[in-house]
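# Understanding the architecture of this molecule
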Amino acid sequence: EADIYQTPRYLVIGTGKKITLECSQTMGHDKMYWYQQDPGMELHLIHYSYGVNSTEKGDLSSESTVSRIRTEHFPLTLESARPSHTSQYLCASSELSGVEKLFFGSGTQLSVL
Amino acid sequence: SQELEQSPQSLIVQEGKNLTINCTSSKTLYGLYWYKQKYGEGLIFLMMLQKGGEEKSHEKITAKLDEKKQQSSLHITASQPSHAGIYLCGADRSGNTPLVFGKGTRLSVIA
């Protein structure tokens, strides 16, 4: 069973607020990812990290930032939330080997009013 | 344009029936992954295919990757309500890049 946790599970906030979505894994995985998913749409990669102090932007243009200070922790921050940020955010991790077997968290459903 | 096309977009089958979901890539794949997602939840890994012509099975689910490594199919035999969910294929382009996902196929199984 996957040991990757996301909090909060649901979040409703007003426009302009700063928010941080938390993601932690206890599997010691080096690789971690943030995907954004809208209903009926594919997952879009917004950030990823292959190790501590290493982060990269994904394909989806995003106003979010991430940090990787510890192996197990990969938080996503939105400095000023907007209604266009309303979506499901999924965190995932995998081992450093070439096989991309991802373990996913349960997701954070974000609604910006 | 979509890198990965999945078909059908949605599928309703009667319990006990067989079904097939397809995933077609516009580019050659290094690896092809199948995941299942329950509504509002994260994805669960099903299986991975890397070699052209490869076929893998787990319980009543079989996945195949064609020889050219640009198309995969997922076949479920004797479907059950527990098979309901969204099935997504993910493409690994080079062996060390994040997966690109299709839009998924929503499967409903009715009694």
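Residues numbered from 1 in each chain as written. Chains lettered and ligands numbered in written order. Predicted model: local features only at pLDDT ≥ 70, side-chain atom pairs only at ≥ 80, totals over all residues. Heavy atoms only, no water.

The next thing to look at is the interface of chain B and chain A. Listed as interface residues are 20 residues of chain B and, on the opposing side, 22 residues of chain A. Around 1700 Å² of area is buried between chain B and chain A when both sides are counted, 53% of it from carbon and sulfur atoms. The largest per-residue losses of area from chain B upon contact with chain A belong to B:Pro98, B:Phe101 and B:Lys103, which jointly make up 28% of the total buried on that side. Remark: the boundary between chain B and chain A carries 1 salt bridge. With its nearest N and O atoms 3.0 Å apart, the salt bridge here joins B:Glu41 to A:Arg9. (Contact = heavy atoms within 4.5 Å. Buried area = accessible area lost by both parts, 1.4 Å probe. Salt bridge = Lys/Arg side-chain N within 4 Å of Asp/Glu carboxyl O.)

Residue and element names in this part refer to chain A. On the secondary structure map, Ser 87 appears in strand β9 (residues 87-94). Spatially, the C-alpha atom of Ser 87 lies 5.5 Å from that of Asp 38, the residues being 49 residues apart in sequence. Those residues within four positions of Ser 87 in sequence are excluded, and the remaining contacts are Gln 36, Gln 37, Asp 38, Thr 108, Gln 109 and Leu 110. A distance of 3.1 Å separates the side chain of Ser 87 from the backbone oxygen of Gln 37, its partner in a polar contact. In terms of polar contacts, Ser 87 uses its side chain to reach the side chain of Asp 38, at 2.7 Å. (Helix = DSSP H or I, 4+ residues; strand = E, 2+ residues; numbered from the N terminus. Polar contact = N/O pair within 3.5 Å; in protein donor to acceptor, adjacent residues only side chain to side chain.)

Let us look at the pattern of salt bridges. Applying the stated rule across the entire model yields 7 salt bridges over all chains. Note that A:Glu72 and A:Arg70 form a salt bridge whose closest N and O atoms lie 3.1 Å from each other.

A cis amide bond links A:Thr7 with the next residue in sequence, A:Pro8, at an omega value of -5°. Of note, the amide linkage connecting B:Ser7 to B:Pro8 takes the cis form, showing an omega dihedral of -5°. Secondary-structure assignment places B:Pro8 in the loop between β1 (4-7) and β2 (10-14). Phi is positive for B:Glu59, close to 55°, though the residue is something other than glycine. If you trace the backbone, B:Glu59 turns up in the loop between β6 (55-58) and β7 (61-65).

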